2 protein chains.
Amino acid sequence: MRLSGAFLPVTAHEREFIQDFRSNTLRIGAGKQIVREQVVTRRMFTLFSGWAFRFKTLSDGRRQILNFVLPGDMFGLQQQFADGATYGVEALTGAAVCVFPSNHLWDLYRAHPKVGYEVTWLAAREENMLDENLLTTGRRNAMERVAMLLIHLFKRAQRVGLVAEDNSFAFPLTQQHVSDALGLSLVHTNRTLRKLHQLGLHEIKDGRLHLLNPKALRRLADYADHPLQQVPLL
Amino acid sequence: MRLSGAFLPVTAHEREFIQDFRSNTLRIGAGKQIVREQVVTRRMFTLFSGWAFRFKTLSDGRRQILNFVLPGDMFGLQQQFADGATYGVEALTGAAVCVFPSNHLWDLYRAHPKVGYEVTWLAAREENMLDENLLTTGRRNAMERVAMLLIHLFKRAQRVGLVAEDNSFAFPLTQQHVSDALGLSLVHTNRTLRKLHQLGLHEIKDGRLHLLNPKALRRLADYADHPLQQVPLL
DNA sequence: CGTGGAGTTGACTTAAATCAAACGCAGTGG
DNA sequence: CCACTGCGTTTGATTTAAGTCAACTCCACG
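A short tour of the structure in this document, coming up. If you're wondering where the values come from, they're calculated on a predicted model, not measured in any experiment. (Residues numbered from 1 in each chain as written. Chains lettered and ligands numbered in written order. Predicted model: local features only at pLDDT ≥ 70, side-chain atom pairs only at ≥ 80, totals over all residues. Heavy atoms only, no water.)

1. Brief notes about the protein's contact with DNA strand C
Rules: For each residue, the test is whether any non-hydrogen atom lies within 4 Å of the molecule or strand; if one does, the residue is near. The term polar contact refers here to a pair of N or O atoms within 3.5 Å; inside protein, the definition further demands a hydrogen-donor-capable atom paired with an acceptor-capable atom, and it admits residues adjacent in sequence only when both atoms are side-chain atoms. Counting from the N terminus, the helices are DSSP H or I runs at least four residues long and the strands are E runs at least two residues long. In the scheme used here, Gly and all other residues not listed as nonpolar or charged are polar, with Ala, Val, Leu, Ile, Met, Phe, Trp, Tyr, Cys and Pro taken as nonpolar and Asp, Glu, Lys and Arg as charged.
Neighbouring DNA strand C are 14 residues, the closest being Ala142 and Ser185 of chain A together with Gln175, Arg191 and Arg194 of chain B. Backbone atoms, meaning sugar and phosphate, make up 60% of the atoms of DNA strand C lying within 4 Å of the protein. At 3.0 Å, a side-chain N or O of Asn190 of chain B approaches a phosphate oxygen of DNA strand C. Among the elements of the structure, α7 (186-198) of chain A together with α7 (186-198) of chain B are those that each provide at least two residues to the surface near DNA strand C. Among the elements that make up the surface near DNA strand C, the one with the highest residue count is α7 of chain B (4 residues). Per-class residue counts for the surface near DNA strand C are 4 nonpolar, 7 polar and 3 charged.

This is the structure:
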């Protein structure tokens, strides 16, 4: 994964330390929960392969997807400091995760401040994504929301080398996931997706998403393009 | 501020270091911007006194308030790692902030991993709040949203000693702020606030918010109460 | 006094939710 | 081999929560 160009280089020494720190690697089946809501686990994860998402639910079952987790992304950090229930994480596809014992997180910082710095970096990056999602659910309308999600996931998939030469990539979300991520109803999400398709902006075929008119999508979503930047990888 | 009981104790040595690291203290007038959207500043802040809020805007002016900043809260960390524009921060009241030169953040981690660890802690805490806000704007209806905001701000004000014995506290938000935080229109926010008031759940008088029926508000918002926990303070 | 920001209210519109019913298709088991 | 099932998608009809437009009040302030 380090070879994809999306991540900062590490020294052999650092890599070795990270390997040590990692307690083990887990394989998760599609649709299985990696972190259960309400249950505080003292573990932290990095996604190795596959897709997952973080979510919260209200007591009557309404669900909000907080963000999607792609290879290289970290999650579970908050649990370390949480005073109680926080969020759940579910695998969208078969996935492999690295597990870190986060009860030793402080030891990590002491022994390898550099790695600690990088954890913070990743956390800050995720916070930026949450900010953007909040702007989306709070102030964008349905068309804009869907356009935003498509282009955002495209960019993220691209940075970790998941996008093919024809600008398409495996898209494991159901429309239910899309609606839960955007705060829309399933039906309305379908209609909106349909409308974007009819406008020729995208196409989903055989489980792959093709962006047919990225420029129009970007304009529609008022999406601010960020230059690709290397980030740390644990 | 350290005396309020909301924050973790620090050793004299640590405090001294934090003082050193701080470049200076700034006073901000109500309504003034502390961080301008689009402008990347290499600085980090801790709010000393007063209220502020983080926000993002779309190019046509629609604004989303991401979260409110209360004394002891840190902000600006993301800028350090940002590849471009992120968010703005505006003072709601007169405010005092500590400024840290965040281009030396890595030095900080190296010299004082403990402080680095605490920065991460604060970042994770803020991420939890953003998660909750996302659930609110994505899945709660107007009544639930407003109830959520009132009780959430109450709890946060309480933890830093801003709440008087009569369960009231100085409430510097206009209805415009409330609506921008919740993703509602101004008019609808007003009606909803009015309805909650008529139900006897709250009262805003002389710029102070009184929660008249916190239990009902909590039930309405499906608010999960967290035990008060001490957090670091920079 | 006049001006402008914040709050309030009524009338009306609309985007999105809800309800309900099909459809296509993959998997399964008789 | 094929009916049965269930999940994901699609579509139409209808309702509703929230947005929009517009006007008016109530201060605080110069």
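More follows now that the structure is in view.
2. Examining the protein's contact with DNA strand D
Around DNA strand D sit 14 residues, and of these Gln175, Asn190, Arg191 and Arg194 of chain A together with Ser185 of chain B come closest. A breakdown of the atoms of DNA strand D within 4 Å of the protein gives sugar and phosphate a share of 62%. Measuring from a phosphate oxygen of DNA strand D, one finds a backbone N or O atom of Ser185 of chain B at 2.9 Å. Of all the secondary-structure elements, those providing two or more residues to the surface near DNA strand D are α7 of chain A together with α7 of chain B. When residues in the surface near DNA strand D are grouped by element, the largest group, 4 residues, is from α7 of chain A.

3. Quick word on the relation of the copies chain A and chain B
Put simply, the rule reads: Each copy is superposed on the other by least squares, with the fit set by C-alpha atoms of residues at a pLDDT of at least 70 in both. It only takes one pair of heavy atoms within 4.5 Å for two residues to be counted as in contact.
Between the two copies, chain A and chain B, the superposition gives an RMSD of 0.0 Å; the rotation angle is 180° and the shift along the axis is 0.0 Å. One copy is carried onto the other by what is essentially a two-fold rotation axis. When the interface residues of chain A are mapped onto chain B, 100% of them again fall at the interface, so both copies present the same face.

4. Some remarks on the packing of helix α5 (residues 142-159) of chain B against α7 of chain B
Residue and element names in this part refer to chain B. Our working rule: Every axis corresponds to a line fitted to the C-alpha atoms, with the helix fit spanning only the stretch in contact, and the corresponding angles, defined between N-to-C directions, vary from 0 to 180 degrees. Every angle not falling under 35 degrees, over 145, or within 65 to 115 is termed oblique; those three ranges are roughly parallel, roughly antiparallel and roughly perpendicular.
Contact geometry of α5 with α7 gives a least axis separation of 10 Å together with a crossing angle of 75°. Regarding the angle of α5 to α7, the classification is roughly perpendicular. Where α5 approaches α7, its residues Ala142, Met143, Val146, Ala147 and Leu150 are matched on the opposing element by His188, Thr192, Leu193, Lys195 and Leu196.

5. Remarks on the sheet that holds strand β3 (residues 43-49) of chain B
Residues and elements named next belong to chain B. Put simply, the test is: Pairing between strands is defined by DSSP: at least two bridges between them are needed.
One open sheet accounts for 4 strands, arranged β1-β8-β3-β6; its pairing is antiparallel. The open sheet is flanked by β1 (24-28) and β6 (74-75), the only strands paired with a single partner. Sheet topology places β3 next to strand β8 (residues 95-101); 6 bridges connect them, and they run antiparallel. By the bridge assignment, Leu47 is partnered in β8 with Val97.

6. What to know about the packing of α5 of chain B against helix α8 (residues 214-221) of chain B
If you want to describe how two helices pack, look at the angle between their axes and the distance between the axes. Residue and element names in this part refer to chain B. Let me state the cut-off plainly: Take the far helix as your reference; a near helix turned counterclockwise from it by less than a right angle gives a left-handed crossing, and one turned clockwise gives a right-handed crossing.
Two elements in contact, α5 and α8, have axes whose closest approach is 8 Å; the angle formed by their N-to-C orientations is 130°. When the axes of α5 and α8 are compared, the pair comes out oblique. In this structure, α5 crosses over α8, and the sense of that crossing is left-handed. On the side of α5, the interface is formed by Met143, Glu144, Ala147, Met148 and Ile151, while α8 contributes Pro214, Leu217, Arg218, Leu220 and Ala221.

Any functional reading would require information beyond the geometric quantities listed.
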